[in-house]
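Survey of secondary and tertiary structure
Below, each chain spelled out in residue letters.
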Amino acid sequence: MSLPTNPPRMLTELPAPMLIEPVTLEGQSIRLEPLSLDYFYPLCDIALDEDLWRWSPAPVKTRDDLRHYIELALTRAAEGSVLPFATFDKVANRFVGSTRFLDIDKQHHHVEIGSTFIGKAWQRTAVNTEAKYLMLRHVFETWGCLRVAFQTDALNTRSRNAILRLGAQQEGLFRNHKICADGRVRDSIFFSIIDSDWPAVKANLEAKLARPYVPKF
């Protein structure tokens, strides 16, 4: 059986090189700041909640785990493969989570958005919507990317639905994709947004963000 594909496409000119460097992404209600160990203690109040890591292959359970999580992100950032952020809620005036760009491919102009955690009190609010909006806008309008990928555990229904609500399209199942810390072999579902999707996705996200942000805390 043949798989559906986009019609063949030729670029009239190659995209400009992607400049990968720490950047602050400022929104109406949140700000994404370049992650560093300076954020270790503010994030301890949010991150040491087992429920946040239920679907993570490498859950954070202790302060040492969180420090290692940040240090590993910074190591990979120095290598140029990720760009991590701390998520600051300007309404609550506190840090409420973290997210990052992953698997940055400068040659083919695509990137993944993931490794996101948000404190329970800020879940199902505009925080994640605005964070994804700021990141997608940077990807498509500053970096000129052709594709953004998302992935999640095949069993994580909430995450799958949240990605679809962004306007991403489900692409397929990666079987036996990851080995989790408890020994479970995870299947992952991949999604994407491509550059031609972005105008509609942007309009949808901006409509959502036009509604007043009402924190639950």
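So, a few notes on the structure that sits alongside this text. (Residues numbered from 1 in each chain as written. Predicted model: local features only at pLDDT ≥ 70, side-chain atom pairs only at ≥ 80, totals over all residues. Heavy atoms only, no water.)

**Concerning unusual backbone geometry**
Despite not being glycine, N93 shows a phi value in the positive range, around 60°. Look at N93 and you get exposed, because its relative accessible area is 58%. (Buried < 20%, exposed > 50% of the residue type's maximum accessible area, 1.4 Å probe, protein only.)

**Focus on the nonpolar core**
The biggest cluster of nonpolar side chains holds 55 residues, and the ones touching the most others in it are L66, F101, L136, W143 and F150. Examining the composition of this core, we find that 8 residues originate from one element, helix α3 (residues 126-142), more than from any other. For F150, the residues in contact, after removing those within four places along its chain, are E112, I113, K132, L136, I163, L166, A168, I189, F190, F191 and I193. (Core = buried A, V, L, I, M, F, W, Y, C linked by side-chain atoms within 4.5 Å. Helix = DSSP H or I, 4+ residues; strand = E, 2+ residues; numbered from the N terminus. Contact = heavy atoms within 4.5 Å.)

**Here's the deal with the pattern of salt bridges**
Across all of its chains, the model carries 9 salt bridges by this definition. The partner of D153 in a salt bridge is R184, and the shortest N-O contact between them spans 2.5 Å. Remark: R184 occurs in the loop between β7 (169-179) and β8 (185-194) and D153 occurs in strand β6 (residues 147-153); sequence separation between them is 31 residues. Connected through salt bridges with shared partners, the residues E26, R31, E33 and K90 form a single ionic network. (Salt bridge = Lys/Arg side-chain N within 4 Å of Asp/Glu carboxyl O.)

**Some details on the pairing of strand β4 (residues 94-105)**
The element β4 is largely enclosed, with a buried count of 9 among its 12 residues. Where strand β3 (residues 83-89) meets β4, 7 bridges bridge the pair, whose relative direction is antiparallel. Paired with P84 across the strands is R100, a residue of β4. The turn joining β3 and β4, which pair antiparallel and follow one another in sequence, is formed by 4 residues; a positive phi near 60° is taken by N93. (Pairing = 2+ DSSP bridges.)

**Description of the sheet that holds strand β2 (residues 30-34)**
Backbone hydrogen bonds hold the strands of a sheet together, and the pairing may be parallel or antiparallel. Spatially, the 8 strands line up as an open sheet ordered β1-β2-β3-β4-β5-β6-β8-β7, and their pairing is mixed. Whereas interior strands pair on both sides, the edge strands pair on one side only; in this sheet they are β1 (25-26) and β7. Across 6 bridges, β4 lies against strand β5 (residues 110-118) in antiparallel orientation. By the bridge assignment, G97 is partnered in β5 with I118. Lying over the sheet, helix α4 (residues 157-166) contacts β6, β7 and β8, oriented at roughly 160° with respect to β6. (Axes fitted to C-alpha atoms, helices over the stretch in contact; angles between N-to-C directions.)

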